[in-house]
Amino acid sequence: MIVVSNRLPVDHDPSVEGGWRRSPGGLVAALEPVLQRTGGAWVGWPGTADLEIDPFELEGMSLVPVALSAEDVALYYEGFSNDTIWPLYHDVISPPAYHREWWEAYVRVNRRFAEAVASTAAEGAVVWVQDYQLQLVPRMLRELRPDLVIGYFHHIPFPAYGIYAQLPWRKQVLEGLLGADVIGFQRVQDAGNFATAVRRQLGFETKAGAIRVPEPDGAVRTAVAKAYPISIDADLYDELARRPEVQARAAEIRESLGNPKTILFGVDRLDYTKGIGHRLKAYGELLEDHRLDVEDVTLVQVASPSRERVAAYMQLRDEIELTVGRINGDHDTVGHTAIRYLHHSYPREEMVALYLAADVMLVTALRDGMNLVAKEYVASRVDGRGVLVLSEFTGAADEMSQAVKVNPHDIEGLKDAIMTAIEMSPSEQGRRMRALRRRVRDHDVADWSRRFLSDLDAVRATS
Ligand code: G6P
């Protein structure tokens, strides 16, 4: 099997030991265990411009780097991927920019990825293309290598037709995706939005997740488009959370915050889709209204650096840091802080210690394909305690019905939900957490990849 995604699972970083650091985001977190289990190769960008390196082996995976020039990074990655498709597919929370030069770079770089896979894949291999940066690869690959079985998984939302229709290249993108035999989405609704766009733009027949795709040679092929909600390696989080040193670290974290009665926790890439500003607003007002007291509560907010050269992200960082500074300035005492803000990313062990230290986990995304943080929190709570406050606009909300659900745009509702979570009795916490943990354990990332790959196998068997 070959996995192809914009990023390799590791980023080149000469400042760390070994020269490689784990890549950010949910995609890599989910796929790494799959590829380690099945063997095979991963084709992707090593995360730095103008870096030409030969294929190499790392932690049981064969990695095949695709080089991007500084111009490719600016136009294809920061431009079309992260300033056109990302905001458009997340319901235009930030306005998408449409530039023909960005589109041309996107086509060019997608072709480079397709060529890299075509020259790596064995006869009849299964190729699994990942995410919105590579939507044209399935079609390009089918043209180069008709012998391959091609899957595509879309990690982010697929928007409603009225939004998708803005895209000047809306037909080409759909045609690109339809080069795959199986096209996977996070939610049933994303798969439905895709089928609607295919019907309206291309006029192809779609029925219960099967799309009739006319090929240039006159044949008609069936592509499958359906939901496969992604997950995490739940056993790994469970195991980490049971380690005495991780539990000791959780106690140390509480101690270092002055042992407040309640620790609220948020962890996100610093992205405008995550609703960090809404969360801070609700929390600041709870302090303002004296429903919370800074002596009793601390919000730990980890905001990991992301896409720092894209203007919308620079602006977001300024806004968030201004808000944090104001809230802390208004409410901190010498001994207690309202918000402990950390603009870093952390290793997994430290994340699990933070999850264990957190009484309430705040996931307030305005739109999110899945949100694996919600699942990581639950998988880490081996003690059956803790409350998950979860935005209904995440993919995870479809599965995690025992979370305290919120509409993050409704600040009063969000404030009430935070109070409900803080005041929840231990027995109620336990009841909800047990059900959530069962769900995440039974539907882990191995189960996700099994479901997707078995649908791909079924295609192979009939072709
Ligand atoms: C999300 C996307 C991934 C992406 C990750 C990190 O999880 O679905 O495709 O890799 O964010 O973003 P970055 O731009 O740093 O790759």
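What you see is a predicted model, and the numbers here were worked out from it, not measured in a lab. (Residues numbered from 1 in each chain as written. Predicted model: local features only at pLDDT ≥ 70, side-chain atom pairs only at ≥ 80, totals over all residues. Heavy atoms only, no water.)

Draft legend 1. Broad picture of the overall build of the protein. Along the protein, the regular secondary structure elements total 16 helices and 18 strands. Counting only residues that meet the buried cut, the protein has 60% of its 463 residues in that class. Pairs at least 24 apart in sequence give 73% of the contacts found in the protein among residues at least 6 apart. Within the protein, the 67 negative side-chain charges are centred at a point lying 6 Å from the centre of the 52 positive side-chain charges. (Helix = DSSP H or I, 4+ residues; strand = E, 2+ residues; numbered from the N terminus. Buried < 20%, exposed > 50% of the residue type's maximum accessible area, 1.4 Å probe, protein only. Contact = heavy atoms within 4.5 Å. Lys, Arg positive; Asp, Glu negative; His and termini not counted. Charge placed at Lys NZ, Arg CZ, Asp CG, Glu CD.)

Draft legend 2. View of the site of the ligand. The immediate surroundings of the ligand are formed by 14 residues, with Arg7, Tyr77, Asp131, Gln133 and Arg307 found nearest. The separation between an oxygen atom of the ligand and a polar side-chain atom of Gln133 is 3.1 Å. With respect to the ligand, the side chain of Arg269 contributes an N or O atom lying 3.4 Å from an oxygen atom. Taking 370 Å² as the accessible area of the ligand by itself, protein coverage stands at 93%. For the shell around the ligand, the elements supplying multiple residues, two or more each, are α1 (26-38) and α2 (70-89). Across the shell around the ligand, the residue classes tally to five nonpolar, five polar and four charged. (Near = heavy atom within 4 Å. Polar contact = N/O pair within 3.5 Å; in protein donor to acceptor, adjacent residues only side chain to side chain. Areas by Shrake-Rupley, 256 points an atom, 1.4 Å probe, with all protein chains shown as cover. Nonpolar A, V, L, I, M, F, W, Y, C, P; charged D, E, K, R; others polar.)

Draft legend 3. A look at a positive patch on the surface. The grouping of Arg385, Arg434, Arg438 and Arg441 at the surface amounts to a positive patch. For Arg385, the location among the structural elements is in the loop between α13 (372-380) and β17 (387-391). Take Arg385: its relative accessible area is 35%, and that puts it in the partly exposed class. (Patch = residues over 30% accessible without salt bridge, like charges linked within 9 Å, V, L, I, M, F, W, Y side chains within 5 Å. Salt bridge = Lys/Arg side-chain N within 4 Å of Asp/Glu carboxyl O.)

Draft legend 4. Focus on the packing of helix α12 (residues 348-357) against α13. Put simply, α12 and α13 touch, their axes get as near as 9 Å, and they point 75 degrees apart. The pairing of α12 with α13 is recorded here as roughly perpendicular in orientation. Residues Val352, Tyr355 and Leu356 of α12 touch α13, and the partners they reach there are Val373, Glu376, Tyr377 and Ser380. For the contact of α12 with α13, the per-class residue count stands at five nonpolar, one polar and one charged. (Axes fitted to C-alpha atoms, helices over the stretch in contact; angles between N-to-C directions. Parallel < 35°, antiparallel > 145°, perpendicular 65-115°, else oblique.)

Draft legend 5. Representation of the pairing of strand β13 (residues 262-269) within the structure. Within β13, eight of the eight residues are buried, leaving the element largely enclosed by the surrounding structure. Across the two faces of β13 the burial is the same, with Thr262, Leu264, Gly266 and Asp268 and Ile263, Phe265, Val267 and Arg269 all buried. Pairing of β13 with strand β14 (residues 297-304), which is carried by eight bridges, proceeds in the parallel orientation. Residue pairing in the sheet places Thr262 in a bridge with Val297 of β14. (Pairing = 2+ DSSP bridges.)

Draft legend 6. Inspection of the environment of Pro138 at higher detail. Secondary-structure assignment places Pro138 in helix α4 (residues 137-144). Along the primary structure Pro138 and Leu177 are separated by 39 residues, whereas in three dimensions their C-alpha atoms are 5.8 Å apart. Those residues in contact with Pro138, other than ones at most four positions away along the chain, are Val129, Ile150, Tyr152, Gly176, Leu177, Gly179 and Ala180.

Draft legend 7. Inspection of helix α6 (residues 170-177) at higher detail. Every buried residue of α6 is accounted for by Val173, Leu174, Gly176 and Leu177. Along α6, the residues classed as buried sweep out an arc of 155 degrees about the axis, all on the same side. (Arc of directions from axis to C-beta.)

Draft legend 8. Representation of empty space enclosed by the protein in the model. Under the definition given, this model contains one cavity of 30 Å³ or more. Computed from the structure, the largest cavity encloses a volume of approximately 40 Å³. Along the walls of the largest cavity sit Gly386, Val387, Leu388, Gln402, Ala403, Val404, Met424, Gln429, Arg432, Met433 and Leu436, which together make up its complete lining. Looking at the lining of the largest cavity, the elements with two or more residues in it are β17 and α15 (426-442). Sorting elements by how many residues they give to the lining of the largest cavity places α15 first, with four residues. When its residues are assigned to classes, the lining of the largest cavity shows seven nonpolar, three polar and one charged. (1 Å grid on protein atoms, 1.4 Å probe; cavity = no way out; pocket = protein on both sides within 12 Å on 5 of 7 lines; lining within 4 Å. Points joined across faces, edges and corners; volume = space filled by probe spheres on them.)

Draft legend 9. Fine view of unusual backbone geometry. For Asp131, which is not glycine, the phi torsion reads 75 degrees and is therefore positive. Residue placement: Asp131 occurs in the loop between β7 (126-130) and α4. One non-glycine residue, Ala208, adopts positive backbone phi at about 45 degrees. Structurally, Ala208 can be placed in the loop between β10 (206-207) and β11 (210-214). We classify Ala208 as exposed; its relative accessible area is 87%.

Draft legend 10. Focus on the pattern of salt bridges. Summed over all chains, the structure comprises 38 salt bridges. As a salt-bridge pair, Arg187 and Asp190 come within 2.9 Å of each other at their nearest N and O atoms. A residue is classified by how much of its surface remains accessible, and Arg187, at 9% relative accessible area, is buried. Residue Asp190 is classed as buried on the basis of its relative accessible area of 0%. Glu308 serves as the salt-bridge partner of Arg317, at 3.6 Å between the closest nitrogen and oxygen. For Arg317, a relative accessible area of 31% gives the class partly exposed. Glu308 gets classed as partly exposed once you look at its relative accessible area, which sits at 44%. Salt bridges linked by common partners bring Arg139, Arg142, Asp181, Glu215 and Arg221 together as one network.

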